[in-house]
Each structure stands twice: as C-alpha cells, then as structure tokens.
Amino acid sequence: MAQGTQPLAAINASEPAWWHGAVIYQVYPRSLLDSKGDGIGDLPGITRKLDYIRDLGVDAIWVSPFFRSPMKDFGYDVSDYRAVDPMFGTLADFDALIERAHRLGLRVIIDQVLSHTSDQHPWFEESRRSRDNDQADWYVWADPKPDGTPPNNWLSIFGGSAWEWESRRQQYYLHNFLASQPDLNFHCRDVVDVMLDNVRFWLDRGVDGMRLDAVGYCFHDAQLRDNPAKPEAERVGQGFRIDNPYAFQRHVHDITQPENLGFLAELRALLDRYGAVSLGEITAEDTRATIAQYTRGEERLHTAYSFELLSDDFDAATIREAVEGLDSQLDNGWACWAVGNHDVARVATRWGGARANDALAKVIAAALLSLRGCACIYQGDELGLTEAEIPREAVRDPYGIAFWPTFKGRDGCRTPMPWTAAEATAGFTDGEPWLPIEAGHRARAVDVQEGDASSVLSFYRQFLAWRKHLPELQWGTIDFVTGEGDRLAFVREHEGRRLFCCFNFGPEPARFTLPGGRHTLIDLAAAPPVTVQLGAVELPAWGMAFLAAPGDDASA
C-alpha cells in the first residue's frame, strides 16, 4: 500500500467489529470548506476540518463523491473512477486526507457509484460508437419496438422514460437516473471485473470502507420485462416522490435482481481482504426485505440503510415501526440509521416544521444515537441547521429543475457550512459560494456554538463522548416500551446491563412508566432536568432521560 496508508486496524476479534454501533459523519465535499477560493469545497478543506470532526466524537467520515465528473449530478456521474476531479484537488490531496484522518483515529469511507457512469466516460464514448467495438456490451443497450418506441416501460427517477436513443447504434440505452448517467451492464463479466478493480484501487490507498450508492441498481432483468403498474393508494414511500411517475410502477424488473447477490459476494470478499466495511444505500419495493437479504450472512453487505427515517413523516410511532419492522427481518444483519443526508430536506425543518428549535434538534439526535445499529450524521445537522431557501434562479440540482415548483430540489440541504458568523461567506470561502449562504445559518455558525455550552453543537459533543462509555447504546439489543405521539421509550441491553431510554418530541411534558423496579437516573449534563418518582419518569418539553435498571452498573 505504498500509494496510501494502511486502514486502521480492527479492534480485538473478541470485541464487536468497529462499525457495530459506529457513528459516521457524512461530508459533502462541495460544502464543507473551500481552501482555494473558487467557491467550491475540496479535499484540502476536508483535511483542515478533520480536527473539528474528530472533536465531535464520531468514529468515521463518509466522503461523498469527489471523482472526475462533468458534475451533471454533482459527482454521481463519474467519468474516471480513479481520478480526483480537479475542482476537489488531487490524488496527493486524498492521500493526505487519509493520512491525517488515520492519525486522528478517524476511519474513512468513500462513496462508490457502481451502477452507472457519466456519458462522458471513455467506456461509454466507445460503447455508443457501434455494436461491435470492445466495449459494445458494457452498457445496457436494446432495440426499439417495431413502432420505434423504447423497449419497455421502465422509468427514470428523474422523470420520463429510462431509455435514451442513440442514433449511431440505432438503439436505446438504459439510464435509471439522468440521461447523462447510462447504466452499466453487470451481466457483462468485463464490467464486474473492472468495477472490482476500481474498488481495489481505493482500498490500496487506505480507505476503510465503501458507501455503495444505489447498489440495488447494478443488475437489470435481462429479458427487459415491463414493470407492473402500482395502484394509486400504494404510490408512497420507499424514497420515491409521489409526484414523480417513477412511483407509479412496481420496480420488480429494473432493480434488485437476483444476480446482484453474486456480485455482492465478490465485493464482500474483496473488502474483507482489506478489513474494509460496506455500507449499502437501499431503495426497493420492499426495502426492509431487501436490506435483510443484502446483509444476510458473511457474504453480502456488512450493513445498509434505507430512507425510512429520511421521510417527511415524523412521530414516535414512525421510529418504532421502522426499527422494529427492520429488526424483525434482519436475522443477523446490522442496521444503519440516518435522519439526514444530501438527498432530503434538513431534519430540523422536515421533522420540526414550524416548531423547530434547538431542544427538538437535541432530542432527535439523542434518539438517533440511541437506536440499535450504526448512525450517520449529515454535516451541519450537529448545528441544528434548517433547510435553506434557494431562489429559483440559484437552483443547481437537476432534480429540482425537473420538478419545480412542486419539488424544489436538494440544494436546500447542500448549502455551505457556516464556520464564522461575522464573515461575508461564513468562513466557507474567499470567493463566491457555489450555493448562497442561508442568512439564518449565521446565527448557528460553529464559532457561535462553540462558545455556548447549551448549543446543539455542544450537545452533540457531550452526548457522543458520554455514549462511548455505554456498550448498551453501541451494541445492545433493543426492546421498545412505547412509541406513540411524541413519546418514545425502549430498553437497550448488553451483557446484563439494561438502560431505559425515553424521549419526548413534543412541546408538553410527558410521563413514562418505568418497566419494573427502581431505576437510577444517569447523569447527562447536556440533557434538561427530569423528575423520577414512584416508578415513573416525567420529561419536560423536548426532554430525554436514560436510567439504569436495578442492579446494573451503567451509571459507573
């Protein structure tokens, strides 16, 4: 591994794997810090902020795509899998990031976009030229129907047909996303081999894991059968917008095909040789069943997350149903939970709405970080950032451009991080930021919150430091006690240590009955005061409490 650095060693084999119960901080490179003054964040900017991320108390960072790309979908359209796009820096900058992260004890997970490339990738430029070149079958090509229309009814997530005409081949090519993102043909063995080689390239540079974008999209039905229609009443959830015709179909032939499991086994074997972890992004007709299938045993993904807690719906019952529903199918699998990322509105706005406030941001964070599984924190959520308002003329997201005004795109959660309140561009850049700085974010800048012990940032730091001493929260089982309205409670247990965790997501006090016997309130300095008496605990508005069960030593 002369090119990069060794991944951090796994902890003792008798202990849980490092990623069990890990907290992962998602970095959106464009928006963390610009080191060169062009208004776009970059790899050296990430390296400069690794101390900040380490001090937050997380275990790893997940870096969204930074590969060479025409940026039609902001890096998820790759034109060279082994090169850093010049706007983000160089391979040397990436090596420096890895080295610094490992020196700080942070593991590094990077995105891998395996199912499709950019239409400017040399592979596609060759493939589209003719039907008989060396890469002719590297993409999904199909003849038109006799009337010239596409070969089937498959749809693109970005709207309209998933098929685009190529006059040189007199065929259509498949694109599940933008027309500029043609789908690779994983039925072609050469494609499988080269994509595994590309993953190996980054493993050799020392990365500790791969976040696998749209991993269920790698294989398609070789017979190109039509997807069946979905009844109107069922056009909800699974990460697909109901105002998007994509939600009108059952996606049983275009994604999550059986052949994908064989590819995941090969990918897992490769990652295991390096001690690296796989984190899959899963959306499917039955997301829970697919996550269970994709993480079952030792030959598939290590862990995966769905969009269930990334939805607009929010109450205690939603969280309970999502966790219990997935756990009931997981077997020996391990979940990963997130309430925010670069594809959905900020959780403070999405779940808080008009009543969004710092106290609610804290209780949402505490609940997320107390669930069984890994947890992903999206950059800026630790500041309690709300969704930014982007004027129509400043919209950059192709999804928002396509569906405006019913959907204004994902730019509102991708705006630059506010580091210093007083500076013109909030300390993000010396130039013109690629997206406007949200005025309301200045009051939540890092320099403001670092000096306030009651801030959302201070709460994250205190809670994550406290959590590291509680194996129940990192690795324990979970047993829900209640989940209704604004009241959520469950018990986490590990090796005889039981922890009663309760959360009030509402503006009124809430009372919880303790599940038998005397409980000892564990001091959490960052939490609001609570009352414990007569076998019950009463939480204030937007409150939380953690109590050790009788005879346990969780408070030690």
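Just above sits the structure.
Sequence positions are assigned chain by chain, starting from 1 and proceeding in written order. Only residues with pLDDT of at least 70 are given local features in this predicted model, and only at 80 or more are side-chain atom pairs given and counted; all residues enter the totals for whole chains, interfaces and linings. With hydrogens and water excluded, all non-hydrogen atoms of the structure serve as input to the side-chain values.

We define a salt bridge as a contact between a side-chain nitrogen of Lys or Arg and a carboxyl oxygen of Asp or Glu at a distance within 4 Å. On inspection of all chains with the given rule, the structure shows 40 salt bridges. The partner of Arg 54 in a salt bridge is Asp 55, with the nearest N and O atoms 2.7 Å apart. For the exposure calls, accessible area comes from a 1.4 Å probe over protein chains only, and a residue counts as buried if that area is under 20% of its type's maximum, exposed if over 50%, partly exposed in between. A relative accessible area of 32% means that Arg 54 is categorised as partly exposed. For the salt bridge of Arg 487 with Glu 484, the shortest nitrogen-to-oxygen distance reads 3.1 Å. Residue classification places Arg 487 among the partly exposed positions, given a relative accessible area of 22%.

Turning our eyes to something else, we now look at the pairing of strand S16 (residues 497-504). Across a regular strand the side chains alternate sides, sitting on one face of the sheet and then on the other. Counting from the N terminus, the helices are DSSP H or I runs at least four residues long and the strands are E runs at least two residues long. The buried count for S16 comes to 7 of 8 residues, which makes it a mostly enclosed element. Sheet analysis places strand S15 (residues 487-494) next to S16, joined by 8 bridges and oriented antiparallel. Bridged to Phe 490 within S16 is Cys 501. Hairpin geometry of S15 and S16 is characterised by an intervening segment of 2 residues between the two adjacent antiparallel strands and by a positive phi of about 50° at Glu 495. Think of it this way: DSSP has to see at least two bridges between two strands before they count as a pair. Here S16 runs beside strand S21 (residues 544-548); their pairing, made up of 5 bridges, is antiparallel. Paired with Phe 500 across the two strands is Leu 547, which belongs to S21.

Moving on, we come to the packing of aromatic side chains. Between rings of Phe, Tyr and Trp, where Trp is taken as its six-membered ring, a pair exists when centres lie within 6.5 Å; planes separated by under 30 degrees are stacked, by over 60 edge-to-face, and by other angles tilted. Applying the stated criterion to the full structure yields 35 aromatic pairs. Where Trp 62 meets Tyr 305, the ring centres are 6.2 Å apart and the plane angle is 45°; that geometry is what we call tilted. Remark: Tyr 305 occurs in strand S11 (residues 303-305) and Trp 62 occurs in strand S2 (residues 60-63); sequence separation between them is 243 residues. Among the residues examined, Trp 62 registers a relative accessible area of 1% and is labelled buried. Note on Tyr 305: relative accessible area 1%, which makes it buried. With 6.4 Å between their ring centres and 40° between their planes, Tyr 305 and Phe 307 make a pair best called tilted. Each member of the pair Tyr 305 and Phe 307 is classed as buried. Clustering of aromatic rings is evident, with ring pairs tying together Phe 459, Phe 463, Trp 466, Phe 480, Phe 490, Phe 503 and Phe 546. Whether a charge sits over a ring comes down to the Lys NZ or Arg CZ being within 6 Å of the ring centre and within 35 degrees of the ring normal. Over the ring of Trp 434 we find Arg 30; its NZ or CZ atom is 4.7 Å from the centre of that ring.

Moving on, we get to the side chain of His 220. Considering the arrangement of structural elements, one finds His 220 in the loop between strand S9 (209-213) and helix H7 (260-274). By the convention used here, residues are in contact when the closest approach between their heavy atoms is within 4.5 Å. Once you skip the residues sitting within four places of it in the chain, His 220 turns out to touch Val 140, Trp 154, Leu 174, Asn 185, His 187, His 253, Asp 254 and Gln 257.

The periodicity of an α-helix, 3.6 residues per turn, causes residues three or four positions apart to be oriented the same way. Over its 15 residues, helix H6 (residues 189-203) runs 21 Å from end to end, which matches the ideal 21 Å to within 8%, given 1.5 Å per residue. Turning to H6, its buried residues are Val 191, Val 192, Val 194, Met 195, Leu 196, Asn 198, Val 199, Phe 201, Trp 202 and Leu 203. Helix span, as expected, comes to 1.5 Å for every residue beyond the first.

What follows is about the nonpolar core. Membership of the largest hydrophobic core comes to 133 residues, with the highest contact counts inside it found for Tyr 25, Phe 66, Phe 186, Trp 202, Phe 263, Phe 503 and Phe 505. It is H6 that contributes the most residues to this core, 9 residues altogether. Excluding residues within four positions of it along the chain, Phe 186 makes contact with Leu 114, Ser 115, Val 191, Val 192, Met 195, Cys 218, Phe 219 and Phe 263. Residue types Ala, Val, Leu, Ile, Met, Phe, Trp, Tyr and Cys, when buried and joined through side-chain atoms within 4.5 Å, form a set referred to as a nonpolar core.

A separate point is the packing of H6 against H7. An axis is simply a line fitted to the C-alpha atoms; with a helix, the fit covers only the stretch in contact. Between two such axes, the angle follows the N-to-C directions and lies from 0 to 180 degrees. The geometry of H6 relative to H7 is characterised by a closest axis approach of 11 Å and an angle of 25° between their N-to-C directions. In terms of orientation, H6 and H7 fall into the roughly parallel class. Where H6 crosses over H7, the two elements pack in a sense that is right-handed. Facing H6, whose interface residues are Arg 189, Val 192, Leu 196, Val 199, Arg 200 and Leu 203, H7 presents Phe 263, Glu 266, Leu 267, Leu 270, Leu 271, Arg 273 and Tyr 274. Here the residues of the contact of H6 with H7 are counted per class, giving 9 nonpolar, no polar and 4 charged. Each angle gets one of four labels, with under 35 degrees taken as roughly parallel, over 145 as roughly antiparallel, 65 to 115 as roughly perpendicular, and the rest as oblique. When the near helix sits turned anticlockwise from the far one by under a right angle, the crossing is termed left-handed; a clockwise turn instead gives a right-handed crossing. Here the term charged refers only to Asp, Glu, Lys and Arg, the term nonpolar to Ala, Val, Leu, Ile, Met, Phe, Trp, Tyr, Cys and Pro, and the term polar to all other amino acids, Gly among them.

Bringing the sheet that holds strand S20 (residues 536-539) into the picture now. If you walk across this open sheet you meet the 3 strands as S17-S20-S19, and the pairing is antiparallel. On the outer flanks of this sheet lie strand S17 (510-513) and strand S19 (531-533), each paired with one strand and no other. On average, each strand axis in the sheet is tilted by 20° relative to the strand beside it, whichever way the strands run.

Backbone torsion omega between Trp 404 and Pro 405 reads 5°, so that peptide bond is classified as cis. Its place among the elements puts Pro 405 in the loop between helix H12 (398-403) and helix H13 (446-450). Positive phi, close to 60°, is recorded for Asp 331, a residue that is not glycine. The exposure class of Asp 331 is exposed, given its relative accessible area of 58%. Notably, Glu 495 is not glycine yet its phi reads approximately 50°, a positive angle.

Structurally, Ala 316 is set in helix H9 (residues 316-327). Classification of Ala 316 by relative accessible area gives buried; the value is 0%. For the pair Ala 316 and Leu 488, spaced 172 residues apart in the sequence, the C-alpha separation amounts to 5.2 Å. The contact partners of Ala 316, leaving out residues within four places of it in the chain, are Gly 483, Glu 484, Gly 485, Asp 486, Arg 487, Leu 488 and Phe 505.

So, on to the sheet that holds strand S6 (residues 141-142). Strand order in the open sheet made by the 3 strands is S6-S8-S7, with antiparallel pairing throughout. Of all the strands in the sheet, just S6 and strand S7 (163-166) have a single pairing partner and so form its edges. Relative to strand S8 (residues 171-174), S6 runs antiparallel, the two being bridged by 2 bridges. Note on S8: the bridge partner recorded for Trp 141 is Tyr 173.

Extensive coverage of strand S13 (residues 374-378) is indicated by the burial of 5 of its 5 residues. Here S13 shows a buried face lined by Cys 374, Cys 376 and Tyr 378 and a second buried face lined by Ala 375 and Ile 377. Pairing analysis gives 4 bridges linking strand S1 (residues 23-27) to S13, with the strands arranged parallel. Residue pairing for S13: Tyr 25 is matched across the bridge by Ile 377. Relative to S13, strand S12 (residues 336-338) runs parallel, the two being bridged by 3 bridges. Bridged to Cys 336 within S13 is Cys 374.

Mapped onto the elements, Leu 326 comes out in helix H9. A C-alpha to C-alpha distance of 5.4 Å links Leu 326 and Arg 288, two positions 38 residues apart in sequence. In this structure, Leu 326 is in contact with Arg 288, Ile 291, Ala 335 and Trp 337, ignoring residues within four places of it in sequence.

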